[in-house]
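One-letter residues, chain by chain:
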Amino acid sequence: NHSPHMSVTANALDFAKRLTKETIIKYSGTDLEKKIQEACSNKPWNASNTMLNELAQYTFNFQDYAVVMQNIWKRLNESPRNWRIVYKSLVLLDHLLKNGNERVIEESRDHMQQIRSLNSFNYRSDNVDHGINVRTKAKAIVELLNSREQIAEEREKAKAHRAKFGGSIGGGGGGGGMGRMGGIA
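Quick caveat, the model's predicted, so the values are computed rather than measured.

(A) Representation of the environment of Ala158 in the model. Inspection of the secondary structure puts Ala158 in helix 9 (residues 148–164). Sequence spacing of Ala158 and His95 is 63 residues, and the spatial spacing of their C-alpha atoms is 9.2 Å. Aside from chain neighbours lying at most four places away, what touches Ala158 is Lys98 and Asn99.

Structural data, given as structure tokens:
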């Protein structure tokens, strides 16, 4: 026989176990997943170029490539109030188009509708249009994806930049097309 207190205690314990498991899953994950989460966080600062270059390097590994791209597509579907996550995912995608595995280009073309839909992204708070950052970046990526010449040119520029600042994808700073805060305060 179970007393009513036992079932309440058992339910509370069950709930606590479930919550703990979800928290562990959320905060664990591979180093790669943590880096993507950091690069595309909701914090009011941008990912460093070093971080973006590191993530670009991951796209040259078959399994890591899939993790990076799945995370980008998932984050582009965040709710408008998480506009920073959407914006930073576009910044990462833009960086990968120019510095990552060439497969990023074809996969992004396959997701063109998802990217294009962000041209009408809207989020306002305190009379500030935060959606403009997302709309501008999405439009630039769509234009880039529609021009084979422009992609080839941007990839060449990125390659030259890497050569100038240390040779590997992980070398150098600059690039990215964003100012100090990138307008995401």
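(B) Structural context of unusual backbone geometry. Even without glycine at this site, Asp126 takes up a positive phi of about 50°. Within the secondary structure, Asp126 is located in the loop between strand 1 (124–125) and strand 2 (128–129). In the Ramachandran plot, Asn127 falls in the positive-phi region, its phi being about 60° despite a non-glycine side chain. Tracing the sequence through the fold places Asn127 in the loop between strand 1 and strand 2. Note on Asn127: relative accessible area 71%, which makes it exposed.

(C) Layout of the packing of helix 3 (residues 49–58) against helix 5 (residues 83–99). Running from N to C, helix 3 and helix 5 cross one another at 60°; their axes reach a closest spacing of 9 Å. When the axes of helix 3 and helix 5 are compared, the pair comes out oblique. You can see that helix 3 and helix 5 cross each other, and the crossing is right-handed. Of the residues in helix 5, those in contact with Leu52, Asn53, Leu55 and Ala56 of helix 3 are Val91, Leu92, His95, Leu96 and Asn99. For the contact of helix 3 with helix 5, a count of residues per class yields 6 nonpolar, 3 polar and no charged.

(D) Structural detail: helix 4 (residues 62–75). Relative to the 20 Å expected for 14 residues at 1.5 Å per residue, helix 4 spans 20 Å between its end C-alpha atoms, a close match to the ideal helical length. Among the residues of helix 4, Tyr65, Val68, Met69, Asn71, Ile72, Trp73 and Arg75 are the ones counted as buried. Here helix 4 starts with a cap whose side-chain oxygen sits 3.0 Å from the backbone nitrogen of Gln63, and that cap is Asn61.

(E) Spotlight on the nonpolar core. Grouped together as the largest cluster of nonpolar side chains are 36 residues, with contacts concentrated most on Met69, Ile72 and Leu93. Broken down by element, this core gets its largest block of residues, 9 residues, from helix 5. Those residues within four positions of Leu93 in sequence are excluded, and the remaining contacts are Met69, Ile72, Trp73, Val104, Ser108, Ile115 and Ile141.

(F) Fine view of the packing of aromatic side chains. Overall, the coordinates contain 0 aromatic pairs when judged by the stated rule. Cation over ring: Arg103 sits above Tyr65, and NZ or CZ is 3.7 Å from the ring centre.

(G) Representation of helix 8 (residues 131–146). Between its first and last C-alpha, helix 8 extends 23 Å over 16 residues, near the 22 Å set by a 1.5 Å rise per residue. Listed as buried for helix 8 are Gly131, Asn133, Val134, Arg135, Lys137, Ala138, Ile141, Val142, Leu144 and Leu145. Those residues of helix 8 that are buried are in contact with helix 5, helix 6 (103–110), helix 7 (112–117), strand 2 and helix 9.

(H) Broad picture of the side chain of Arg162. If you trace the backbone, Arg162 turns up in helix 9. The buried charged residue Arg162 lacks any salt bridge partner; its closest oppositely charged side chain belongs to Glu156, at an N-O distance of 8.1 Å. A polar side-chain atom of Arg162 sits 2.8 Å from a polar atom in the side chain of Asn99.

(I) Representation of the pattern of salt bridges in the model. A full pass over the atoms with the stated rule returns 9 salt bridges. Linked through salt bridges whose partners overlap, the residues forming this network are Asp94, Lys98, Lys137, Glu154 and Lys157.

(J) Molecular detail of the packing of helix 4 against helix 6. Contact pair helix 4 / helix 6: the axes reach a minimum separation of 12 Å and the direction vectors enclose 35°. The interaxial crossing formed by helix 4 with helix 6 has right-handed handedness. Contact residues: helix 4 offers Phe62, Tyr65, Met69 and Trp73, while helix 6 offers Arg103, Val104, Glu107 and Ser108. Here the residues of the contact of helix 4 with helix 6 sort into 5 nonpolar, 1 polar and 2 charged.

What counts as what
Note that residues are indexed from 1 along each chain, following the sequence as it is written. For a predicted model such as this one, the threshold for reporting local features is a pLDDT of at least 70, and the threshold for listing and counting side-chain atom pairs is 80 or more; totals across whole chains, interfaces and linings nevertheless cover every residue. Think of the side-chain values as coming from all heavy atoms in the structure, minus any hydrogens and water. Helix and strand assignments come from DSSP, with helices taken as H or I runs of at least 4 residues and strands as E runs of at least 2, each series counted from the N terminus. When checking whether two residues touch, look at their non-hydrogen atoms; a contact exists if any pair is within 4.5 Å. Whether a residue is buried, partly exposed or exposed follows from its accessible area with a 1.4 Å probe, protein chains only, as a fraction of its type maximum: under 20%, in between, or over 50%, in that order. Interaxial angle, 0 to 180 degrees, is taken between N-to-C directions of lines fitted to C-alpha atoms, where a helix line uses only the stretch in contact. Should an angle lie under 35 degrees it is considered roughly parallel, over 145 roughly antiparallel, and from 65 to 115 roughly perpendicular; all remaining angles are considered oblique. Note on convention: the crossing is left-handed when the near helix lies turned anticlockwise from the far helix by less than a right angle, right-handed when the turn is clockwise. Think of it as three bins: nonpolar holds Ala, Val, Leu, Ile, Met, Phe, Trp, Tyr, Cys and Pro, charged holds Asp, Glu, Lys and Arg, and polar takes everything else, Gly as well. Expected span, for any helix, means 1.5 Å times one less than how many residues it has. Here a polar contact means two N or O atoms within 3.5 Å. Within protein one must be a hydrogen donor candidate and the other an acceptor candidate, and residues neighboring in sequence count only if both atoms are side-chain atoms. Nonpolar core, defined: a set of buried Ala, Val, Leu, Ile, Met, Phe, Trp, Tyr and Cys residues in which side-chain atoms within 4.5 Å join the residues together. Aromatic contacts are taken between Phe, Tyr and Trp rings whose centres are within 6.5 Å, Trp giving its six-membered ring; a plane angle under 30 degrees counts as stacked, one over 60 as edge-to-face, and the others as tilted. Cation placement over rings: the criterion is NZ of Lys or CZ of Arg within 6 Å of the ring centroid and within 35° of the ring normal. The charged-residue count follows a simple rule in which Lys and Arg add positive charge and Asp and Glu add negative charge, with His and chain termini not counted at all. Salt bridge, as used here: a side-chain nitrogen of Lys or Arg that lies within 4 Å of a carboxyl oxygen of Asp or Glu.

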